[in-house]
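Take a look at the letters that make up each chain.
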Amino acid sequence: MSLTKRLTLPLALLAAPLAGAQQADEAPLARALGELGTDVQVYHDHVVYLSSPFLDGRLPGTDGMELAKDYCQYWLEQAGVAPGFVDEAGTASWRQPFPLGDTLEIHAAAVGTAEGSALNGEDFSVLGYGGAGQVEGPAVWVGYGIEEGPEGYTSFPAGTDLSGKIAFVFRFEPMTEAGKSQWSEGRWSPQAGFGGKVQAVANRNPAAIVLVNPPGADDPRIEQLSGEGSGRKLTDAPVVHMSYQAASKLMGGMDLLALRRHFDQGGDPVITDVATSVDVDLTRTPLVAENVGGMLRGKGALADELIIIGAHLDHLGMGNFGSRSGPGELHPGADDNASGSAAILMLADKLKQSYEAMPEGAEARSILFLLFSGEESGLNGSRYYVNNPPYPLENLALMINFDMIGRIQNRRVQISGTNTGVDLAAIVEAVSANSELEVVIPQGRGGGSDHLPFFQRKIPYLFGAIADFHDDYHTPRDVAAKINRVDGTRTVFLFHDIALTAAMHQGDLSFVEAQPGNVAGGSRNSSLGDIKVRFGVMPGSYDESDPGIPVGGVTPGGSAATAGIQEGDRLLRWDGQKIVDVRGWMEMMAKHNPGDKVKVGIVRNGEEITLEVTLQARNQEGR
Amino acid sequence: MFTTTLILAPALLALPQEPAAGGQIPALYEAHGDAVRQMDEHITFLSNAFLAGRLPGTPGMHITERYVEEHFLAAGLEPAFDNGSSYRQSVSLGGARTLVAQSLTAAGWEGTAGEDFGISMSGASGDVRAELAFAGYSVVEGQDGYSSFSGEQDLAGKIAIVYRFEPMDEAGRTMWGENGRWTRAAGFTPKLQAAEAQGAVGIILVNPPGVDDPRAGEIPTGRQNRQRVNIPVAAITTTAFEALLKKAGADVTALELRQEADERGFVRPLGIEASLSAEIDQEERFADNIGGLLPGRGELAKELVVIGAHIDHLGMGVYGSRGFRGQLHPGADDNASGTAAIIMLAERLVPWMNSLPEGTEARSILFLGFNAEEAGLDGARHYVDYPVRPIEDHTLMINFDMIGRVSNKKVQILGSQTGEGLKEWLTELDAASPLELNAHDRLNLGSDHIPFIGKGVPSLFAIIDPLHADYHTPGDVAWKINRVDAVHVVDLFEAVLQGGALIPERHAFIDPRASR
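Residues numbered from 1 in each chain as written. Chains lettered and ligands numbered in written order. Predicted model: local features only at pLDDT ≥ 70, side-chain atom pairs only at ≥ 80, totals over all residues.

A few points about the overall build of chain B
Piece 1. Summing up its helical and strand segments, chain B has 11 helices and 16 strands in all.
Piece 2. In terms of C-alpha radius of gyration, chain B reaches 31 Å, well past the compact-globule figure of 24 Å for 516 residues.
Piece 3. Taken along its principal axes, the extent of the C-alpha atoms in chain B is 90 × 85 × 45 Å.
Piece 4. Evaluated residue by residue, chain B yields a buried proportion of 51% over its 516 residues.
Piece 5. Nonlocal contacts in chain B, meaning residues at least 24 apart in sequence, comprise 83% of its contacts between residues at least 6 apart. (Helix = DSSP H or I, 4+ residues; strand = E, 2+ residues; numbered from the N terminus. Rg over C-alpha atoms; globule rule 2.2 N^0.38 Å. Buried ≥ 20, exposed ≤ 12 C-beta atoms within 10 Å, placed from the backbone. Contact = placed C-beta atoms within 7 Å.)

See below:
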């Protein structure tokens, strides 16, 4: 409304807000939010804001992630807490920067032969597996780029050397006439993954790699190209993903279906004399991600001790990695983890108020509120924090983490870690008696998230998450509309009480060595579920500087033992896909049937070895 | 074993039983449909305190501009400006002025900035060297025929010495005002403008010696930051003026000059050369209108139907607030509701236009997010002066400004009398809508449609009826928005837009002033 008319606005035009004159069923959302009260409104506001598509799926490096961090900093400031960090110049700062891989910017790219040129964006996309370069060489087709398939299948006869060549590789794997995998009952076996192929081909030293969709495959993705920049760097050579139509044209109209059949039957590489040029101009910039943090100073003698309350702010962006439904669509991450981030913002506000209201002489630990970045790609923010703690870890009494508290069903919320600190279980039990939520204490560690790097440093933790998992996890369907705001707010209240009690606790919070559970078979709740296979290892103690899952013990006669996995190995890769965390690994396991063969990448004595593991059934005799 | 110290009691203990699954909010989205959810998400985002009330020129407004722009892009609209290359049209917000440099010297006397002289921001930048001329109180027409400028001498080419206030008695009190109060003639602006009109190249303001006023001792620069004249204006203390006169060997004192001016108006050159220099930096600020174009079909495509809403609000209530200056004004109804509506309409109209059968004639539709409305319809006024097509080709303009607090289904439509047949058409559409439209002939509520009507474009303005007490206060918050009925407004105007695009004969403009 215009200022110029404001002064002439007759007061008679104004009515009281939401006056009783309205119909009873009018404005149902306003009515509901009004009745539910300010805290639910605030939770609603935070979750809607952070899950807006405008925030780009909160992928580190995007504009949306910058907005998300600025938003959290703003609300921490409003809560009245102080900046949690100190920058290099010694100035108070809300941010803790850390390196997180790199971002890829593709400036220009072209692939051409005498028959014509393929256009970037239309005919091919540039993949993040490779680098920049301007190369030329004869095209060599190396089938599906399979290092070692079933029954000794290989795309690379002994001595295959691709130096100076442009390697063309078919996507997927040997298929039947009908275009279905020869090696899997389902769509494709793990052999079909991009990562494994690129690595196998790159090992032969080509000047560039062109992945080509195979014509006739029974998969709608043969008409699609991967997202530009997807894939983590495996080689310096340029790597692109091309349509079969464009590839055929470049080869002068070559019949790619016939060529494919040749490889389906195990045929040798096909060396052509088609001179191919590949030109990719890209810049890889190191990405600096940031944890965001605010400090609430404690009171009295206990103020020297610290409690961290954290949640990861980042998510999967357009799903180029980590998605359960595939790349190219926005993943809003409402439950994972706008729901937890919102809780941090509200807890800062509420705990600040509670601290202000404390009587003279009260004692309470200091609280650091943290929004981590880089969790989805491997707990990178929390890991960086414990390796570069701004406050000594020996003063850190407790770490509270939230990762997915937005889809509570039947009032059930899970809190794990109660057995990691002496009085923790008693505190949680007593406090949760007052909550309308049903607190479920799960078996085992409860899932992989930012509490783990702290746990690995023998810091007690509490991890809050939904007790009942849902299928929208890591898909574009994890939207704000489905968030249970009421129970999310109840969770905030519950953890306010837990945190306050722990902060003032004069008793014993010291670390208790928890027995590592058998992760392979015991999923934290039956919703993750039907894991039908058993891997047969016991996780060992974590060394925070290395990624992956350490093998503390190997069940004799189990899948891992039979494949040659040993105690001390680190599990790093699952059919080419990096094992991000325990939960991610269980997700991968859930897809398998007994008898499936998996290429497991392990690190032993600093070297990465790939072993083939045949997965045994979960309920095999005696186990 | 220990006590739980609960300082905050959980407020939700007494909640009624909620429905299954995700609780009340998801259930309400399910029940009322996706459009209600969309409306909620837009207004919730845009009214968040993080956007600080969407004041033009602020970071919160930059986020808002980008939000609208990206949604237009995603909806499939083409950039409307710069020959289809930009979604943005720059609107000047005026400027912030800062004094960068200043100096004043006269006949060997040099002023010390801040101590005995200063620069008035009512003046302009300038560097002048000229003779000083005393212009008394610089009054054009005072009481009883008093005038400083009777024609004997003028100020052409001179730096005018201007006494503050107005003719006073021996005790230094006004001779023109009642109860010792200075009259309008004592104000800075008319004095400065008068001196400039008389040809002065610079002005120096002085407090007259002996004046009975608490401000007598200060440097009389005034507190205005708005430029009133195009010449540099300085101000010096009375003591400094007296020192200057002495140093220059003048044959008259400051008091004598005052006594004469108290009796009659006159201009007297003082025979003293002075140099006055002021440098004022003018930093212009901008905000953007956001415009997206949906091209039409066939011959009609060259004509435009416009649908707009202002995207700005009052920020921290520095102006425009109804009593809450300094507090954050979220502007959920005013006008996140309208902003959401134009985004949602873009998302609906693009596929509609694309699916029209081959050979259909349809006007193009221009979606406009206006900026700087609250300050005076600045964005809309700028647009009509710089439209993307000739203004005559704009056949209909629709404006949303507050559609988020519908009560009892009532919505006002203003402007239906500006287009032939509009009222009848609305009555038809009203029948199909759950809303109760009040299409009347008053144009008493100002918003972005006004400049369009001023240029002969038939315009419709939709606004809630009545307004609410949260208008222009911090209470205009997102949770109170009536999303369901806001969507009904969107639905209604979806039909209006489609009709406006397709109707073969455009509605003839009727000048609302003529129809009275």
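Points about the nonpolar core
Piece 1. Counting 192 residues, the largest nonpolar core has A:Ile307, A:Leu347, A:Ala499 and B:Ala341 as its most contacted members.
Piece 2. Contacts of A:Ile307, omitting those with residues within four sequence positions, involve A:Arg365, A:Ile367, A:Ala397, A:Leu398, A:Ile400, A:Ala499, A:Ala502 and A:Ala503.
Piece 3. Formed by 56 residues, the second largest nonpolar core is a distinct cluster that contains B:Val162, B:Met168, B:Ala186 and B:Ala195. (Core = buried A, V, L, I, M, F, W, Y, C linked by C-beta atoms within 7 Å.)

Some details on unusual backbone geometry
Piece 1. Here the residue pair B:Asp334 and B:Asn335 is connected by a cis peptide bond, since its omega of 5° sits within 30 degrees of zero.
Piece 2. In this fold, B:Asn335 is placed in helix α7 (residues 332–354).
Piece 3. That bond from B:Asp465 to B:Pro466 is cis: its omega, 0°, falls within 30 degrees of zero.
Piece 4. Topologically, B:Pro466 is positioned in the loop between β15 (459–464) and β16 (467–468).
Piece 5. Residue A:Phe172 is not a glycine yet carries a positive backbone phi of 70°.
Piece 6. Along the chain, A:Phe172 turns up in the loop between β9 (166–170) and α5 (194–202).

Observations regarding helix α4 (residues 63–79) of chain A
Because each turn of an α-helix spans 3.6 residues, side chains separated by three or four positions end up pointing in the same direction.
Piece 1. For α4(A), with 17 residues, the first-to-last C-alpha span of 24 Å sits near the 24 Å given by 1.5 Å per residue.
Piece 2. The set of residues buried in α4(A) consists of A:Gly64, A:Met65, A:Leu67, A:Ala68, A:Lys69, A:Tyr71, A:Cys72, A:Gln73, A:Trp75, A:Leu76 and A:Ala79.
Piece 3. At its buried positions, α4(A) is contacted by α3 (38–50), β12 (270–296), α8 (334–356) and β14 (366–372) of chain A together with α3 (59–75) of chain B.
Piece 4. In the stretch just after α4(A), A:Gly80 is the one whose phi turns positive, near 95°. (Expected span 1.5 Å × (residues − 1).)

Concerning the environment of A:Tyr74
Piece 1. By secondary structure assignment, the location of A:Tyr74 is in helix α4.
Piece 2. In this structure, the C-alpha to C-alpha distance between A:Tyr74 and A:Ser339, residues 265 residues apart in sequence, is 17 Å.

Observations regarding α7(B)
Piece 1. An ideal rise of 1.5 Å per residue puts 33 Å on 23 residues; α7(B) measures up with 32 Å between its terminal C-alpha atoms.
Piece 2. In terms of residue burial, α7(B) counts as a mostly covered element, since 17 of its 23 residues are buried.

As for the pairing of strand β9 (residues 268–294) of chain B
Residues and elements named next belong to chain B.
Piece 1. Bridge count for strand β1 (residues 78–79) against β9 is 2 bridges, and the pairing is antiparallel. Bridge pairing in β9 links Pro79 to Gly292.
Piece 2. Sheet analysis places strand β2 (residues 88–106) next to β9, joined by 16 bridges and oriented antiparallel. Bridge pairing in β9 places Arg97 opposite Gln282.
Piece 3. In the sheet, strand β5 (residues 126–134) pairs with β9 via 8 bridges, with the strands oriented antiparallel. Considered in β9, the bridge of Glu131 is made with Glu273.
Piece 4. Looking at chain direction, β9 and strand β11 (residues 364–370) are connected through 5 bridges and run antiparallel. Among the inter-strand pairings, Leu294 is bridged to a residue of β11, identified as Ile365. (Pairing = 2+ DSSP bridges.)

Focus: the packing of α3(B) against α7(B)
Residue and element names in this part refer to chain B.
Piece 1. Where α3 meets α7, the axes come as close as 9 Å, and the angle between the chain directions of the two elements is 15°. By the criterion of interaxial angle, the relationship of α3 to α7 is roughly parallel. At the point where α3 passes α7, the crossing takes the right-handed sense. For the pair α3 and α7, contact is made by Val68, His71, Phe72 and Ala75 and by Thr339, Ile343, Ala346, Glu347 and Val350, respectively. (Axes fitted to C-alpha atoms, helices over the stretch in contact; angles between N-to-C directions. Parallel < 35°, antiparallel > 145°, perpendicular 65-115°, else oblique. Left-handed = near helix turned anticlockwise from the far one by under 90°.)

Some remarks on the environment of A:Gly595
Residues and elements named next belong to chain A.
Piece 1. With respect to the helices and strands, the residue Gly595 is situated in the loop between α14 (582–590) and β24 (597–604).
Piece 2. You can call Gly595 exposed: it has 11 C-beta atoms within 10 Å.
Piece 3. In this structure, the C-alpha to C-alpha distance between Gly595 and Asn120, residues 475 residues apart in sequence, is 41 Å.
Piece 4. Sequence-distant contacts of Gly595, defined by excluding residues within four places in its chain, comprise Thr614 and Leu615.

What about the domain arrangement of chain A?
Piece 1. Under the domain assignment used here, chain A contains domain 1 (29–58 + 297–504), domain 2 (103–284) and domain 3 (533–617).
Piece 2. Using C-alpha coordinates to define each centre, domain 1 of chain A is positioned 29 Å away from domain 3 of chain A. (Domains from an automatic or database assignment.)

Focus on the domain arrangement of chain B
Piece 1. The domain boundaries assigned to chain B delineate domain 1 (24–86 + 295–502) and domain 2 (96–281).
Piece 2. When each unit is reduced to the centre of its C-alpha atoms, the spacing between domain 1 of chain B and domain 2 of chain B is 51 Å.

Concerning the pairing of strand β5 (residues 95–113) of chain A
Residues and elements named next belong to chain A.
Piece 1. Here 15 bridges tie β5 to β12, and the two strands are oriented antiparallel to one another. Paired with Gly112 across the bridge in β12 is Ser277.
Piece 2. Pairing of β5 with strand β6 (residues 116–119), which is carried by 4 bridges, proceeds in the antiparallel orientation. In the sheet register, Ala110 faces β6, and the bridge partner there is Leu119.

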